[in-house]
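Below are the chains, spelled out letter by letter.
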Amino acid sequence: MADVRKILFSDLDGTLLDNNKEIEKGTRKAIDEMLAQGHIFTICTGRPLSSAKMVASQFGLNREGCYIVAYNGGVLYDPSNHEIISYASIPLAVVRRMFQAAADAGLYIHTYDHSDTVITSRHTAELDAYLRHTKMSARTGEDAAAGLADEPAKMIVINMDSFDRLKAFQEQNAGWTKNQLNSFFSCEQYLEYCPAGISKGSAVSKLCEYLGIPAEASVAAGDERNDISMLKAAQIGAVPAGAHPEAAAAADVCCVRDNNEGAVGEIIQKYILCT
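Conventions used here
- Residues numbered from 1 in each chain as written.
- Predicted model: local features only at pLDDT ≥ 70, side-chain atom pairs only at ≥ 80, totals over all residues.
- Heavy atoms only, no water.
- Helix = DSSP H or I, 4+ residues; strand = E, 2+ residues; numbered from the N terminus.
- Rg over C-alpha atoms; globule rule 2.2 N^0.38 Å.
- Buried < 20%, exposed > 50% of the residue type's maximum accessible area, 1.4 Å probe, protein only.
- Contact = heavy atoms within 4.5 Å.
- Areas by Shrake-Rupley, 256 points an atom, 1.4 Å probe, with all protein chains shown as cover.
- Pairing = 2+ DSSP bridges.
- Axes fitted to C-alpha atoms, helices over the stretch in contact; angles between N-to-C directions.
- Polar contact = N/O pair within 3.5 Å; in protein donor to acceptor, adjacent residues only side chain to side chain.
- Expected span 1.5 Å × (residues − 1).
- Salt bridge = Lys/Arg side-chain N within 4 Å of Asp/Glu carboxyl O.

For the protein chain, the helix and strand inventory stands at 10 helices and 14 strands. Expected size for 275 residues packed as a compact globule is a radius of gyration near 19 Å; at 18 Å, the protein chain falls within 12% of this value. Taking the principal axes of its C-alpha atoms as reference, the protein chain extends roughly 55 × 35 × 35 Å. Counting the 275 residues in the protein chain, one finds 57% classified as buried. Pairs at least 24 residues apart make up 60% of the contacts formed inside the protein chain by residues separated by at least 6 positions. Here the protein chain displays about 11,600 Å² of accessible surface, and carbon together with sulfur accounts for 46% of that area.

Right under this line is the structure:
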């Protein structure tokens, strides 16, 4: 067992997963080795919990020593014990107001119920693309947001054609959302809204505290703007080659390898297994 237990927080898409949604062979071996030494591996994703759990199960990352951060920090989950550690949510009145703002702007928006079903008002190309990516199911209806019984962990505004429209929407709604929601881009097409104070960075601090691991023993890997808070919160923040420039600027380390070549494996070898 390792003398100092370390924890790695790894984004999924564009970081741990290659472009075929697989994990490079050397990276899988490195993860097995770090877990065998008693270190902690954490999936840290903007995806809903159910989608993250599917990935964890597919690659054996649901065993002891593995954790999941879903919804960009909204949910912390222990897959080996099937236990939710924490759940942060958005008030329903805020959800309804955001749905109306998106409708007024002619933009697609969705949220999730507690079974991780996608909840949206209409069936669009954006919904089809999202469901293909996450392998989730959806419920649509004009009053979808009004019919929610439980507060969700995240909302997402999607536009497949224009980043500028999403950026303008974010700016137009910044005044009333600033004390209620945290917003950021996870790619050019996804504008995500989480509860105020919630991010991947807040999840780094919360899970380290929960596990009794000092922040100095944390490493984070991510490639996009929603990873920036995580890259800054961890002792070492690393990005794969080809990461978004804003993520790369926030990182301590830029890998030689990209997500297809095993960047996370490179990070594990250099910063988890090095001592």
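Moving on from the model shown.
What follows is about the sheet that holds strand 10 (residues 181-187). Across the sheet, which stays open at both edges, the 6 strands sit in the order 8-7-6-9-11-10 with mixed pairing between neighbours. The two strands at the open ends of the sheet, each matched to only one other strand, are strand 8 (138-140) and strand 10. Direction aside, the axes of adjacent strands within the sheet are offset by 25° on average. Judged from the 3 bridges that link them, strand 7 (residues 118-120) and strand 8 form a sheet pairing that is parallel. Looking at the pairing, V118 lines up with A138 of strand 8.

The next point concerns the sheet that holds strand 4 (residues 75-78). The sheet built from 8 strands is open, its strands ordered 5-4-3-2-1-12-13-14 with mixed pairing. Among the strands making up the open sheet, the edge pair consists of strand 5 (83-87) and strand 14 (253-254). Where strand 2 (residues 40-44) and strand 3 (residues 66-70) come together, 4 bridges link them in parallel fashion. When the sheet's bridge partners are listed, C44 is paired in strand 3 with V69. Of the strands in this sheet, strand 1 (7-10), strand 2 and strand 3 touch helix 1 (residues 25-36), which is tilted by about 130° from strand 2.

Moving on: the side chain of K6. You can see K6 is positioned in the segment before strand 1. Given the relative accessible area of 13%, K6 is considered buried. Of the polar contacts made by the side chain of K6, one reaches the backbone oxygen of Y271; its length is 3.0 Å.

Residues lying three or four places apart along an α-helix face the same way, a consequence of the helix completing one turn every 3.6 residues. In a regular helix each residue adds 1.5 Å, so 12 residues correspond to 16 Å; helix 1 covers 17 Å between its end C-alpha atoms and thus fits that length. Structurally, helix 1 contributes buried residues whose contacts are with strand 1, strand 2, strand 3 and helix 10 (263-272). With a side-chain oxygen lying 3.0 Å from the backbone nitrogen of G26, the N-terminal cap of helix 1 falls on E24. Positioned one or two residues after helix 1, G38 has a phi angle of 95°, which is positive.

Here we come to the environment of G262. Tracing the chain through its elements places G262 in the loop between strand 14 and helix 10. What makes G262 buried here is its relative accessible area of 2%. In this structure, the C-alpha to C-alpha distance between G262 and I23, residues 239 residues apart in sequence, is 7.6 Å. Beyond its immediate stretch of four places on either side in the chain, G262 contacts E24, T27 and R257.

On to the pattern of salt bridges, then. For the structure shown, the criterion picks out 11 salt bridges. Through salt bridges that share partners, D11, K200 and D227 make up one connected network.

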